[in-house]
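Residues per chain are reported as follows:
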Amino acid sequence: MPNSNFQPLDNYSVESEENKNDQMEVIESYNPETRVMLERFILVLIAIGLIVGAILSVGVVYILDKTGFTTPPSQQPIDLGN
């Protein structure tokens, strides 16, 4: 069964240009308070990420130190056969 929503290419391109213009108007008419709120939200997310990352890295270093993975291996002298 053919697509019943088919539109000719010319009509579609005109509609898409109108939709783009409508979308641009919506984007350009933002509320300044919303922008400030979004900036704060992003900064809070970054701060939380830094805090969680710092806690995890300290925890990993602590666990690696307790399990002995951070100690250098013991070096054995090499016998050159002299």
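In the block above lies the structure referred to throughout.
Residues numbered from 1 in each chain as written. Predicted model: local features only at pLDDT ≥ 70, side-chain atom pairs only at ≥ 80, totals over all residues. Heavy atoms only, no water.

## Some details on the overall build of the protein chain
Quick reminder of the rule: In DSSP terms, a helix is any run of H or I states spanning at least four residues, a strand is any run of E spanning at least two, and both are numbered starting from the N terminus. Exposure is judged per residue with a 1.4 Å probe applied to protein chains only, and the accessible area is read against the type maximum: over 50% gives exposed, under 20% gives buried, and values in between give partly exposed. Note on areas: Shrake-Rupley with a 1.4 Å probe; residue coverage comes only from the protein chains shown.
Scanning the protein chain for helices and strands turns up two helices and zero strands. Across the 82 residues in the protein chain, those meeting the buried criterion constitute 0%. If you sum the accessible surface of the protein chain, you get close to 8,300 Å²; carbon and sulfur atoms cover 63% of it.

## Describing the pattern of salt bridges
Test applied: We define a salt bridge as a side-chain nitrogen of Lys or Arg found within 4 Å of a carboxyl oxygen belonging to Asp or Glu.
Per the stated rule, a full pass over the model turns up one salt bridge. The partner of Glu 39 in a salt bridge is Arg 35, and the shortest N-O contact between them spans 3.4 Å. With a gap of four residues between them, Glu 39 and Arg 35 both fall in helix α2 (residues 32-67), about one helical turn apart.

## Regarding a nonpolar patch on the surface
The criterion, for reference: Put simply, a patch holds well-exposed residues, over 30% relative accessible area, that have no salt bridge, with like charges counted together within 9 Å and Val, Leu, Ile, Met, Phe, Trp or Tyr side chains within 5 Å.
A cluster of nonpolar residues, Phe 41, Ile 42, Leu 43, Leu 45, Ile 46 and Leu 50, forms a patch on the protein surface that exposes about 630 Å² of accessible area. For Phe 41, the position within the fold is in helix α2.

## Focus: α2
We apply this condition: Under the convention used throughout, the expected extent of a helix is 1.5 Å for every residue step, that is, one less than its residue count.
Relative to the 52 Å expected for 36 residues at 1.5 Å per residue, α2 spans 52 Å between its end C-alpha atoms, a close match to the ideal helical length. The positive-phi residue at the C-terminal boundary of α2 is Gly 68, with phi of around 90 degrees.

The quantities given are spatial measurements derived from coordinates; they are silent on function.
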